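# Commentary on secondary and tertiary structure
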Amino acid sequence: MRNNLELYVHIPFCVKKCGYCDFLSFSCDEHTQGKYADALMREIKAYGARMKDYTVSTIYIGGGTPSWLDENKMSEILDTVYTSFQVSKEAEVSMECNPGTVTAAKLEQYRMAGINRLSIGLQSADNEELKILGRIHTFEQFVKTYELARNAGFSNINVDLINGIPYQTCDKFLRTLQKVVRLKPNHISAYSLIIEKGTPFYERYKSDALKQEAGMPTDVLPTEEEVCRIYKMTQEYLDKAGYIQYEISNFAQPGYECIHNIGYWTRENYLGLGLGAASLIENVRYANTADLYEYMKEPAKNRTADEISRKAQMEEFMFLGLRMKEGVTRERFFREFGIPIDGIYHAALEKLKAEGMLMIREGRIALSEKGADLSNYVLAQFLID
Ligand code: SF4
């Protein structure tokens, strides 16, 4: 029997670093980008040979800004994937791209290379907010990129948004949603800004972030209350516009849910290729080196491996599964762990049900509206001592 495998391919290059970003990404010259792509292809070939028993159902090219890479290199990388792995004919093949880094010709070539889903990083339709975030583009440039992508024949497009930006109000974010929905993307991701350590935003806003977390009045970040209002408004507005919320931060037109991400939340095997990429294969977690030169020297080596304990697997099953609107099923828990879910989580399920945090119906367990609002609290109940 062939096992299912999702592929993640990391392209760590960005024109300029955004102020809030803690992803493994940086600016670098074209020559190094080319050498990186060659190393990546060596890694792809090596893993293709090692993973002959798997069928690839999704490919996700993320970054960084994959669309900044030379389009011929991108085609070569995808060709290498197709010749090295057994890729399903119906595979979802996504690529992240940023406004201002693509042309009509580039987009055409992506389609020819087999990319059938585009994820465009917009973050905000307000040019002031884009400046605050340190993005390289304006809203107008995004619209141009979006139109070029539609004209090139992309029929599955995601737009990434961020809420909770300094000085943002519910009304401001509503205007972003209105402008985006008018374009009818098939999928919208709306994540809340997190002030991560090690970023310029952390230096700038860390004390405000603490106030926000404590529910106190803030200086420039929206208060915790305003962030909740933004979240509720987003749910209602996108619901009315025909988008189904299938995960805490993800909304899709029916049939356009991201298969790759669902695989991640349901703990499918995934293989990460490229600098610093992480993998989960048969409950062992692997991570590639984050050192560019070390990676380029021996791209198929330098992986750390960590076996995930059974306890951690169960916790992950609940944490990731409950992020989705559909939640988790008793049947799948039993299939994965050979024990009924009540055998492990009886007390937590009863408590959360009594508190109105969970909906438990026909073998399915999902967060209620109240549970989704207090998801941190709910998920913490599934930690095993
Ligand atoms: S474009 Fe994306 S990956 Fe690149 S610096 Fe900005 S947030 Fe980070």
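What counts as what
Residues numbered from 1 in each chain as written. Predicted model: local features only at pLDDT ≥ 70, side-chain atom pairs only at ≥ 80, totals over all residues. Near = placed C-beta within 6 Å. Nonpolar A, V, L, I, M, F, W, Y, C, P; charged D, E, K, R; others polar. Helix = DSSP H or I, 4+ residues; strand = E, 2+ residues; numbered from the N terminus. Expected span 1.5 Å × (residues − 1). Bend = angle between axes of the 7 residues up to and from the residue. Buried ≥ 20, exposed ≤ 12 C-beta atoms within 10 Å, placed from the backbone. Arc of directions from axis to C-beta. Contact = placed C-beta atoms within 7 Å. Domains from an automatic or database assignment.

### Some thoughts on the site of the ligand
- As a structural note, the neighbourhood of the ligand is formed by Cys14, Lys17, Cys18, Cys21, Phe23, Ser25, Gly63, Gly64, Thr65, Asn98 and Gly121.
- Per-class residue counts for the shell around the ligand are four nonpolar, six polar and one charged.

### Some details on helix α7 (residues 200-213)
- Between the first and last C-alpha of α7 there are 19 Å, a value that for 14 residues agrees with the 20 Å anticipated at 1.5 Å per step.
- Lysine 206 marks the point of greatest bend in α7, at about 65°.
- Along α7, the positions that sit buried rather than exposed are Phe201, Tyr205 and Gln212.
- Positive backbone phi, at 75°, marks glycine 215, one or two positions downstream of α7.

### Quick look at helix α5 (residues 139-151)
- The end-to-end C-alpha separation of α5 is 18 Å, in line with the 18 Å expected for 13 residues at 1.5 Å each.
- Taken together, the buried positions of α5 are Phe139, Phe142, Thr145, Tyr146 and Ala149. An end-on view of α5 places all buried positions within 115° of arc, on one side of the element. α5 presents Glu140, Glu147 and Asn151 as exposed residues on the side facing more than 90 degrees away from its buried surface.
- Contacts made by the buried residues of α5 are with α3 (104-112), β4 (117-123), α4 (127-133), β5 (157-163) and α6 (170-181).
- Of the residues trailing α5, glycine 153 is marked for its positive phi of about 100°.

### As for the domain arrangement of the protein
- Structurally, the protein comprises domain 1 (3-265) and domain 2 (309-385).
- Centre-to-centre, using C-alpha coordinates, domain 1 lies 28 Å away from domain 2.
- Taken together, the five residues of domain 1 in the interface contact seven residues of domain 2.
- In terms of residues, the side of domain 1 that touches domain 2 owes the most to one element, strand β7 (residues 244-247), which gives three residues.

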